[in-house]
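So the chains spell out like this:
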There are 2 protein chains.
Amino acid sequence: MTRYVYDFTEGNKDQKDLLGGKGANLAEMTRLGLPVPPGFTITTEACRAYLRDGHEPAGLTDEVEQHLGDLEHTMGKRLGDPTDPLLVSCRSGAKFSMPGMMETVLNIGLNDESVAGLAEQTGGNERFAYDSYRRLLAMFGATVLGIESSVFAHELDSRKEAKGTHNDLDLTADDFKELVEVFKAKIAEHTGRDFPQDPREQLRMAVRAVFDSWNTERARIYRRREQIPDDLGTAVNIGTMVFGNGGEDSGTGVAFTRDPASGEQGVYGDYLQNAQGEDVVAGIRNTVPLADLEQIDKKSYDELMEIMQTLEAHYKDMCDIEFTVEHGKLWMLQTRVGKRTAQAAFRIAEHMIDEDLITVDEALQRVTGDQLAQLMFPRFDLDAERSLIGKGMNASPGAAVGKAVFDSDTAVEWSERGEKVILVRRETNPDDLRGMVVAQGILTSRGGKTSHAAVVARGMGRTCVCGADSLDVRTAEKQFTTKDGTVVKEGDVISIDGSTGEVFAGEVPVVDSLVVRYFEGDRSVQSDAVVAAVAKIMASADAKARMNVRANADTPEDAARSRRFGARGIGLCRTEHMFLGERRKLIEKLIIAKDDAERDAALAELLPMQRQDFVGILEAMDGLPVTVRLIDPPLHEFLPDLTELSVQVAREDDAGNTDSHHHVLLDAVRRLHEQNPMLGLRGVRLGIVIPGLFTMQARALLEAAAQRLRDGGNPKPEIMIPLVATAAELETVKQDIVRVGGEVATETGIKVDYKVGTMVELPRAALRAGDIAREAEFFSFGTNDLTQMTWGFSRDDVEASFFSTYLDRGIITVSPFESLDTKGVGELVRYAAEKGRETRPNIHLGVCGEHGGDPASIHFFDSVGLNYVSCSPYRVPVARLEAGRATASAGGVSSTA
Amino acid sequence: MTRYVYDFTEGNKDQKDLLGGKGANLAEMTRLGLPVPPGFTITTEACRAYLRDGHEPAGLTDEVEQHLGDLEHTMGKRLGDPTDPLLVSCRSGAKFSMPGMMETVLNIGLNDESVAGLAEQTGGNERFAYDSYRRLLAMFGATVLGIESSVFAHELDSRKEAKGTHNDLDLTADDFKELVEVFKAKIAEHTGRDFPQDPREQLRMAVRAVFDSWNTERARIYRRREQIPDDLGTAVNIGTMVFGNGGEDSGTGVAFTRDPASGEQGVYGDYLQNAQGEDVVAGIRNTVPLADLEQIDKKSYDELMEIMQTLEAHYKDMCDIEFTVEHGKLWMLQTRVGKRTAQAAFRIAEHMIDEDLITVDEALQRVTGDQLAQLMFPRFDLDAERSLIGKGMNASPGAAVGKAVFDSDTAVEWSERGEKVILVRRETNPDDLRGMVVAQGILTSRGGKTSHAAVVARGMGRTCVCGADSLDVRTAEKQFTTKDGTVVKEGDVISIDGSTGEVFAGEVPVVDSLVVRYFEGDRSVQSDAVVAAVAKIMASADAKARMNVRANADTPEDAARSRRFGARGIGLCRTEHMFLGERRKLIEKLIIAKDDAERDAALAELLPMQRQDFVGILEAMDGLPVTVRLIDPPLHEFLPDLTELSVQVAREDDAGNTDSHHHVLLDAVRRLHEQNPMLGLRGVRLGIVIPGLFTMQARALLEAAAQRLRDGGNPKPEIMIPLVATAAELETVKQDIVRVGGEVATETGIKVDYKVGTMVELPRAALRAGDIAREAEFFSFGTNDLTQMTWGFSRDDVEASFFSTYLDRGIITVSPFESLDTKGVGELVRYAAEKGRETRPNIHLGVCGEHGGDPASIHFFDSVGLNYVSCSPYRVPVARLEAGRATASAGGVSSTA
């Protein structure tokens, strides 16, 4: 038979699945011989059974009774005893900490009779006893019986008001006696039943309330936000009550073994004399620094210091502690590995290495890429005054301030004259790129975290808030209106916080990131403690990492920056971004070419430009591989929108102008129009259908490499073919590339070493990876497209339309575009990697696309043995850190869906 | 060392891979002791090595020399011997017959000296010897040296003209001698070299020419059309020459062991006295019926009859034979299993069962689904006069005649007054459905074989020619223009042939299909010999088949027809087709509903209509399963086109009308607009996002089933959820369905048995089939979408844009929408079937969508153990036949990509 209850003396800290975090740690402290009030834990399994069946599982009640009897025996007291009652607390405790989300009931065991026994027990302290009883009534009423807690708070306030005070300490035993009667009446009034006088019924009801609290709305929302699975359930901890509110020789406090804000060494905490824990939380009276406890109660203080040392040495991490002193006796109520700020995480990790407390591998588990990312973004000054006017999705972190502009032309014009601008659009498209490049940040009213705006902004490390749907953006009128009717016009200053999604009116002061300055090469910041800690940890990560990190970079500037940020090459150089701006005209020519000659002429014009692009990029990445993806998107992306153009042409027709350039363009747009461009003529298909396009690009790259070799450089070009579904496609274009390679070698007299490989971004490519590897010298997993095809949804379309519903209903817990769906898409990656290696053992395997910079995904890629990840330049340090962490954690796989 | 040459005495008929079809059968006949001129075969492996390396593989020349020596020894003659020369033929022979595609050179061994020996050998027949020599020169010149064959034909004609005759027999030995000189001169003139006098060089060059002929343009095109792999190569057969042109006691003929046109029992063939095989082909003189040979040469005739009996008994199939009589001695030059018409195939199979020559299983391998399909379509009378005005793709077979109409309204109106119409459109969309239903056939100028028009037409068994791009269709002007400028206006009669893609002006007479009349239940046709044969074979197939065949049917009429056609249930009832026409208004209401109440009102109006739809379908399929797919397509498919509507609204705006219903609609269309609707808000996503939609449909179906039960029926409803990617989606909607099921049971007092299952049409669904099977009682593989997602292209977009290039360049050999891509998509089907069965051993597995009616795909589905295939009603008999064939062939898997 399943066992549902464990005594604190039985468990240990590794049993969090079964006993919850709190229960496991109480058991661990008990095991270490620390002074923990005796008690027991009801398992998460009992909770799951209860939630599934709607009642306690068979045997649970008997087991609880058994353990309660043992506890009574140990303590020499009985629950509800009229003369010397045992009191217990009942606290939730899930596997993952959910602060404030779950329920607690203290002082269980008090009733109209035992309250007198408690008074007697505490030397006739009636005030204490009735204070304790009214606390039970209020907590039980709110938590177990579902009465608004304000009902009880209101009565307490009335009482204090009647006495002309704001301080609970001014209330007398009689005041509390009266409050007890009032609270009992309120309970009867709200529930139609009297407060249960039977202490065992109190306990049973409290346990059920804890179980039920797992499924409250706020708990669900919290779990979704923190990606905690819904099916874990919570444990319940029943512990002997100890009291910090029994007099001046008592008190309660919280402590950290290091400063959780700065990471400084040395104890840190607060103490409140003559109080219970809830009083500290309520903030009714001011706490004193923990150090003051040395004066107040040296014995307890010394014992606490020793315990904290024990705990840190044992947990090998900063611990967060709750304790109570009862008449000079120290009791440990809780401990856990403490939460900390990003900067504290790095400093603590650094210090603990120095203190020989942990190894480098362990230190890497004490920090996360997300924390590093936090340290890299500028932030708004939290102390400054701010006027919130809207909120969207935190699409790309950072703090940006500038004048609102509503089109790229204005963005470019204004920024050229030195103005800082925020580009505001309903949504963005490739045409907005020039505006995005010069803007401080991007704000959109439509689209999700993987909309064009969000992806591109993250790619260039530009702050972005997207999908702020309360803002009515009217680009034609160059203004937007907030929910409350405020109008923000072109030129008005706004501030956007890409880490929170907040939009503010006016300028909010910004604080710079020293860590980025360090990565950028500014050595003046090296003395900063946080920078030093980050530098040390990054060096450890790099030394550890099995995978390389490359960058997705399309320009020499991005290439240079990513190299400074530690990239070991370019994993994805998107050539289509080189066809925007002025060059768009040439692509137009290519598309509307009436014959081969016109097409070849357009290609010939593009060739030297592309070559120059590549020369710059190869130079910036000299000595490191540069993977160039040949043109991927459907060509109509370079043409105007069908609908807009149709309206324009219809109006021109109406005006009698039936032969404009727009008519020619519209013909081309119609011809190229696709129902589902994502599933249309793109990638390698373009290369096969349009003679000369891919070879022009290959020639440009290889000529650029030859030029670099002539200039003494060390170029390492790799040509990557997108959207391959079958080996025959790759074979076909590879033949052309090899031919061009031969021609360039003959023409220049210089032999360029290069590789030809492919994206694996279609399910079929993954399934046929064994064949494809016969042609491909490397695979780069295009996990964005692979996710789209495997799930059958496009990120352009679905985030707005149903992802929010899916997340709300728990159908998915995280967008598979944010973090790799390891169970579905990941299976294809794993399979393709295996098959690719079977055919070509030395095949180079990498990943480009958004997932290359996502921590959980990076751990997965490490686990399937990829050689590198590639991500946007600003994510490179994060990816380096996570690559090191992945190796250090010995191939632990993160699961996401 | 690899062996490249086999004597005819060494091989057998099962070695077609190595020896080619002709070589294997020559060896088989030799082995049977039939009179085959001695010779040997150079293997396909030698050809492949030659084509790969550009030269003969090491050892080949020696082996050929060795075998030639043996042959010379056997025949007691030497190649090129001036007195008694051995002459040989050199013929190609690939694994699959490629008639007229490959090369043959006869009379090798003749030169200026040996020609005299040949004359001597034949009793001084100089005419014969020089006739043979000039034939060698012409064949060698054309085939080996690449000179236009018209060069030689022209000289021959000039010669005959000069003699005032059209008959070769009027030419004398001197004429041929002169022609020999002329031909040699022509060869020297065209190639700059003399005709090689060395017989061994002749042979070597001829062998190379045969090898090279594998890769000619026409051979490639032929292979692509016939789906013969490009990498097989051809064998080369070197055989001793025998001559049918040596006098009246000689001759040549072709014969079939049964009539290949009708399938009638009894020999059938042609004979030409004093002639070589090429003369028969050239049709210069009239042949006589084979029976006449009995009078001409009874000995040879009797021997031939005996041989034909031997061959048929041995091959257990109708054989096709080439033979030559040389001075009264019969020689077998070739045999193979003969090609036959569709009707002959069924009759021959039937007869051979009756004759106890073959088993039922073997009979099933003698016919194909494609042949049955041919028998089911009406055809144009081949003897009638016809005026071809265009040609498109043969999208859906049949012969249709009617007046051209250019919109659905006219189609419906005219057909209601009894006119037959052909609906002509540039391309079709769901709006054209009513027009397609009433039309005799559909003609479009755009779109491929899996365009909307093609798919829907095949689904309803309607004749369709699509993508006839030489026609300039102007629907607004209600006319189209052909390439030569002919204008066809509304009301003009046209005829379209869906089996050839041809479009004719005027009415071409049509012949009805008796087989369809039989399937439709017309017993008056049972006495027809073909119908009887088909009926017998179909009964055998049904008895054999392991898989069931269901139909894709959306209406009671289709359900009833498919039942008559032998469907054992409905595998796919598409509910979206029930939302067209009048009901579109209700869907519009649903979409533009401003609140829950409006939405619920729209759903409430739809409920009784859907219920009535289902009652009819359940009635038609009483006692058999009916799988209803809940609504799948994106809702904007029910709204007007964005671009058209935008133009309309812009014009209304310009006219000052800024508040029309079009404006409301445009808002909705914009809101629902998706970049890639195929990857957007559809299927189960709709069901989750729009409360009440799926439950309305489930309720309608279950209420309909309850009504049928009340009326004494036996409904077997199955509810199918489309586009599931993760088990959680299915779980979510299944809960709602089960709830509705309970409600319906309570409200009606009738308990309906039903199943809930899912489409497996996303790669992720296949990958997670194990999880999904926990919720799904059945899987139906939606191989259309699965193909789209696995390959990353949509059939709406890509067939026109790059499939033709891909087919031309051999990157794909058949559209994966036509025949399942077993290596990619098929792997997902196989994996999902396995995983589904692991979780739920009794899970029911089927396939719906186009592949369910495709023969090769059906064999694959049988091999992975599916329970049924479902296809359009008119394909049901084909699928039944192929399901039986698949089982009979013991799980042989067809490979397609």
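The written sequence of each chain sets the order in which its residues are numbered from 1. Chains carry letters and ligands carry numbers; both start at the beginning, A for chains and 1 for ligands, and go up in the order they are written. pLDDT decides what is reported in this predicted model: residues at 70 or higher carry local features, side-chain atom pairs at 80 or more are listed and counted, and totals for whole chains, interfaces and linings draw on all residues regardless. Side-chain numbers here rest on the full set of heavy atoms in the structure, without hydrogens or water.

Caption draft 1: Focus on the nonpolar core. In these notes, a set of buried Ala, Val, Leu, Ile, Met, Phe, Trp, Tyr and Cys residues joined through side-chain atoms within 4.5 Å is what counts as a nonpolar core. Each residue gets one of three labels from its accessible area relative to the maximum for its type: buried under 20%, exposed over 50%, partly exposed in between, using a 1.4 Å probe on protein chains only. Grouped together as the largest cluster of nonpolar side chains are 333 residues, with contacts concentrated most on A:L372, A:I721, A:F779, B:L372, B:I721 and B:F779. For A:I721, the residues in contact, after removing those within four places along its chain, are A:L630, A:V684, A:F694, A:L730, A:V733, A:I737, A:V756, A:G757, A:T758 and A:M759. Any two residues having at least one pair of non-hydrogen atoms within 4.5 Å are treated as being in contact.

Caption draft 2: Inspection of helix α4 (residues 114-121) of chain B at higher detail. Along α4(B), the positions that sit buried rather than exposed are B:S114, B:V115, B:G117, B:L118 and B:A119. By definition, any uninterrupted DSSP run of H or I lasting at least four residues is a helix, any uninterrupted run of E lasting at least two residues is a strand, and each is numbered from the N terminus. Of the surrounding elements, those touching the buried residues of α4(B) are β4 (85-86) and α5 (126-144) of chain B.

Caption draft 3: Main features of the packing of helix α31 (residues 783-791) of chain B against helix α33 (residues 825-839) of chain B. All names here are of chain B. Contact geometry for α31 and α33: axes closest at 9 Å, N-to-C directions at 120°. By the angle class used here, α31 and α33 are oblique. The handedness of the crossing between α31 and α33 comes out as right-handed. From α31, L786, T787, T790 and W791 reach across to α33, where they touch V825, L828 and V829. Note on geometry: axes are C-alpha line fits, over the in-contact stretch for helices, and angles between N-to-C directions span 0 to 180 degrees. An angle counts as roughly parallel when it lies under 35 degrees, as roughly antiparallel when it exceeds 145, as roughly perpendicular when it falls between 65 and 115, and as oblique in every other case. Should the near helix be turned anticlockwise from the far one by less than a right angle, the crossing is termed left-handed; should it be turned clockwise, right-handed.

Caption draft 4: Region of interest: the interface of chain A and chain B. Listed by partner, the interface residues are 51 residues for chain A and 51 residues for chain B. Summed over both partners, the accessible area (1.4 Å probe) lost when two parts come together is defined as the buried area. Between chain A and chain B the total buried area reaches about 4600 Å² when both faces are included, carbon and sulfur atoms providing 58% of it. The largest per-residue losses of area from chain A upon contact with chain B belong to A:L679, A:R764 and A:I811, which jointly make up 14% of the total buried on that side. Salt bridge, as used here, is a side-chain nitrogen of Lys or Arg placed within 4 Å of a carboxyl oxygen of Asp or Glu. Counting every contact that joins chain A to chain B gives four salt bridges. As a salt-bridge pair, B:D654 and A:R651 come within 2.8 Å of each other at their nearest N and O atoms. When contributions to the side of chain A that touches chain B are tallied by element, the ones reaching two or more residues are α24 (642-654), α26 (684-689), α28 (727-748), α29 (763-767), α31 (783-791) and α32 (795-808) of chain A.

Caption draft 5: Seen up close, unusual backbone geometry. Look at A:N107: it is not a glycine, yet its phi comes out positive at around 65°. The residue A:N107 is located in strand β6 (residues 104-108) in this model. At B:N274, a residue that is not glycine, the phi angle is positive and equals roughly 50°. Mapped onto the elements of the fold, B:N274 is located in the loop between β9 (265-273) and α10 (277-282). In this structure B:N274 comes out as buried when scored by relative accessible area, which is 15%.

Caption draft 6: Representation of the relation of the copies chain A and chain B in the model. We superpose the copies by least squares over the C-alpha atoms of residues that have a pLDDT of at least 70 in both of them. Each copy of the sequence occupies a distinct position, and chain A is placed on chain B by a rotation of 180° and an axial shift of 0.1 Å, giving an RMSD of 0.2 Å. On the angle and the small slide along the axis, the relation comes out as a two-fold axis. Interface overlap between copies: 100% of the residues of chain A at the interface are likewise at the interface in chain B, consistent with a symmetric, same-surface contact.

Caption draft 7: How the structure looks around the environment of B:C90. Residue and element names in this part refer to chain B. Take C90: it is sitting in strand β5 (residues 88-94). In this structure C90 comes out as buried when scored by relative accessible area, which is 0%. Leaving out residues up to four positions away in the same chain, C90 has contacts with E103, T104, V105, I108, A206, V207, V210, V236, N237 and I238.

Caption draft 8: Fine view of the packing of aromatic side chains. Only Phe, Tyr and Trp rings take part, Trp by its six-membered ring, and two of them pair if their centres are within 6.5 Å. Stacked means planes under 30 degrees apart, edge-to-face means over 60, and tilted covers everything else. A complete count under the given rule lists 44 aromatic pairs over all chains for this structure. Between B:F519 and B:F565, the aromatic rings sit 5.8 Å apart at their centres with planes inclined by 55°, giving tilted as the arrangement. Residue B:F519 is found in helix α19 (residues 514-519), and its partner B:F565 is found in the loop between α21 (556-564) and β27 (570-574); the two are separated by 46 residues along the sequence. Look at B:F565 and you get buried, because its relative accessible area is 0%. Among the aromatic residues, those joined into a cluster by ring pairs are A:W791, A:F793, A:F802, A:F803, A:Y806 and A:F817. Remark: a charge is flagged as sitting over a ring if the NZ atom of Lys or the CZ atom of Arg is within 6 Å of the ring centre and within 35 degrees of the ring normal. Residue placement shows A:K329 over the ring face of A:W331; its charged tip is 4.8 Å from the ring centre. Lying across the ring of B:Y6, B:R3 places its NZ or CZ 4.1 Å from the centre.

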